[in-house]
Amino acid sequence: MSIVVTGATGQLGRLVLAGLLEKVPASGIAAVVRSEEKGAEFAARGIEPRIADYDRPETLKGAFHEGDRVLFVSGSDIGRRGPQHRAVVAAAQAAGVAQLAYTGVLGGPRADFTLADEHKITEQAILDSGVPYTFLRNGWYAEMYVGRIPQLFEQGALVGSSGEGRLAAAPRADYAAAAVAVLTGEGHENKVYELSGDDAWTMAEFTAELTRQSGRPVTFQNVTPERHKDILLGTGLPEFLADVFVDVDAAIARGSLAHTPGDLSRLIGRPTTPLADSIAAGLKELEG
Ligand SMILES: NC(=O)c1ccc[n+]([C@@H]2O[C@H](COP(=O)([O-])OP(=O)(O)OC[C@H]3O[C@@H](n4cnc5c(N)ncnc54)[C@H](OP(=O)(O)O)[C@@H]3O)[C@@H](O)[C@H]2O)c1
């Protein structure tokens, strides 16, 4: 039996592995990666690499073993994740894993935006499989905004269509700590966690805090959804992704991503990282 992390080369997966290594020996951990080359860095640290690709079901056969506790990190190919994720679930079911923890989206089946559709399909596939599950319904990463600081300084504005809507975001590190908690703790089988920051903030509050800390003026410029889409298309974004981002802002405007049930802070045993700290960390990283 191993603790297995898919998406191990990704930003969330790396944080989860770092957290796991503080709690369990490397020999008890496996990292699912897409190639031998990507696996080499993990092997060098004593973590077992398992080579598999969500797009190639035949490769998923060796990804999981009976009794494994698995963190299934959702894939990044929006629009292709239905079949990809069903293949992962089928492989976990065939192997007889003991726990399949899945990184879904805040709100789960009640989420009212299109980006949630593939997560709903995946959660249903997991329920249908009968595999013991843990649903980690992640809210937004604070980095989705903090990671844009250089661009915001350049433009002097954050342009969006979320209006006065609030977002209960938290940094990836907090969501990773929650994943570590459910993979190494007991009693998380067949449980659902709605994970989000303890505080929800508006985009105007985000830009005001960024300005306060940096001394560089950045404002939030709210535009209509139609104008927002045009602006995104103007940056070269494919139309389907522009639609996804405008739809997410509409969801934020409706308050669909503002829930603060406290599951994340309870799982990690501390308050979630405040926005001000995430911004401070982002600015420090820029200083290099
Ligand atoms: N809550 C949020 O705000 C938010 C924002 C963005 C994304 N997400 C979701 O959260 C996930 C993790 O976030 P992240 O920041 O860690 O993303 P990331 O850095 O892009 O990492 C994605 C990981 O998934 C792996 N992957 C992608 N397609 C795969 C496939 N076909 N087969 C096997 N592995 C595959 C990637 O492997 P390679 O290294 O081989 O590419 C990588 O390890 C994302 O994939 C996405 O579903 C959430």
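Calculation notes
- Residues numbered from 1 in each chain as written.
- Predicted model: local features only at pLDDT ≥ 70, side-chain atom pairs only at ≥ 80, totals over all residues.
- Heavy atoms only, no water.
- Pairing = 2+ DSSP bridges.
- Helix = DSSP H or I, 4+ residues; strand = E, 2+ residues; numbered from the N terminus.
- Axes fitted to C-alpha atoms, helices over the stretch in contact; angles between N-to-C directions.
- Contact = heavy atoms within 4.5 Å.
- Expected span 1.5 Å × (residues − 1).
- Buried < 20%, exposed > 50% of the residue type's maximum accessible area, 1.4 Å probe, protein only.
- Arc of directions from axis to C-beta.
- Phe/Tyr/Trp six-rings, centres within 6.5 Å; stacked < 30°, edge-to-face > 60°.
- Salt bridge = Lys/Arg side-chain N within 4 Å of Asp/Glu carboxyl O.
- Near = heavy atom within 4 Å.
- Polar contact = N/O pair within 3.5 Å; in protein donor to acceptor, adjacent residues only side chain to side chain.
- Areas by Shrake-Rupley, 256 points an atom, 1.4 Å probe, with all protein chains shown as cover.
- Nonpolar A, V, L, I, M, F, W, Y, C, P; charged D, E, K, R; others polar.
- Right-handed = clockwise from strand over helix to strand, strands pointing away.

A. Structural view of the sheet that holds strand E9 (residues 191-195). Read from one edge of the open sheet, seven strands run E3-E2-E1-E4-E5-E6-E9, paired in parallel fashion. At either margin of the open sheet sits one strand with a lone partner, and together these are strand E3 (48-51) and E9. Neighbouring strand axes in the sheet, compared pairwise and without regard to direction, differ in orientation by 20 degrees on average. Summarising the sheet, strand E5 (residues 99-105) and strand E6 (residues 133-138) pair through six bridges and their orientation is parallel. Opposite Val105, over in E6, you have Asn138 as the bridge partner. Here helix H1 (residues 11-21) sits on the sheet and contacts strand E1 (3-5), strand E2 (29-33), strand E4 (69-72), E5 and E6; the angle it forms with E1, its principal contact strand, is near 160 degrees. Helix H4 (residues 117-129) rests against E4, E5 and E6 of the sheet, and its axis sits at about 160 degrees to E5.

B. Molecular detail of H4. Taking 1.5 Å of rise per residue, 13 residues should cover 18 Å, and H4 covers 19 Å from first to last C-alpha, within 8% of that figure. Residues Glu118, His119, Thr122, Glu123, Ala125, Ile126 and Ser129 constitute the buried set of H4. Projected down its long axis, H4 shows its buried positions confined to an angular sector of 160 degrees, all on one face. Against E4, helix H3 (81-95), E5 and E6 lie the buried residues of H4. Once H4 finishes, Gly130 follows within two positions and takes phi at roughly 80 degrees, a positive value.

C. Inspection of the packing of aromatic side chains at higher detail. A full pass over the atoms with the stated rule returns eight aromatic pairs. With centroids separated by 4.4 Å and ring planes inclined at 25 degrees, the aromatic side chains of Tyr133 and Phe135 adopt a geometry described as stacked. On the basis of relative accessibility, which here comes to 16%, the residue Tyr133 falls in the buried class. An angle of 90 degrees between the planes, with centres 5.9 Å apart, marks the rings of Tyr145 and Trp201 as edge-to-face. Placement of the pair is Tyr145 in helix H5 (residues 143-146) and Trp201 in strand E10 (residues 201-202), with a sequence separation of 56 residues. What links up through ring pairs into an aromatic cluster is the set Tyr54, Phe72 and Tyr102.

D. Molecular detail of the pattern of salt bridges. In total, this model carries 19 salt bridges according to the counting rule given. For Glu205, the salt bridge is made with Arg166, and the minimal N-O distance between the two is 2.9 Å. With Glu205 in helix H8 (residues 203-214) and Arg166 in strand E8 (residues 166-167), this residue pair connects regions lying 39 residues apart in the sequence. You can call Arg166 partly exposed: its relative accessible area is 34%. A salt bridge links Lys229 to Asp243; its shortest N-O distance comes to 2.9 Å. One end of the pair, Lys229, is in helix H9 (residues 225-234); the other, Asp243, is in helix H10 (residues 239-254), and 14 residues separate them in sequence. Among the charged side chains, a network of salt bridges with common partners joins Arg110, Glu123, Arg137 and Glu194.

E. Quick look at the site of the ligand. Residues in contact with the ligand amount to 23 residues; listed here are only the nearest, Thr9, Leu12, Lys38, Ser74 and Gly75. Within the backbone of Gln11, one N or O atom sits 3.0 Å away from an oxygen atom of the ligand. In isolation the ligand exposes 900 Å². Once the protein is present, 82% of that is buried. Taken together, the elements giving at least two residues each to the shell around the ligand come down to H1 and H3. When grouped by side-chain class, the residues that make up the shell around the ligand number eight nonpolar, nine polar and six charged.

F. Quick peek at the pairing of E3. Of the pairings in the sheet, the one linking E2 to E3 comprises four bridges and is parallel in character. Among the inter-strand pairings, Ala30 is bridged to a residue of E3, identified as Glu48. You can see the chain leave E2, run along helix H2 (residues 36-44) and come back into E3, and the turn it takes is right-handed.

Without other data, these values stay purely geometric and don't point to any function.
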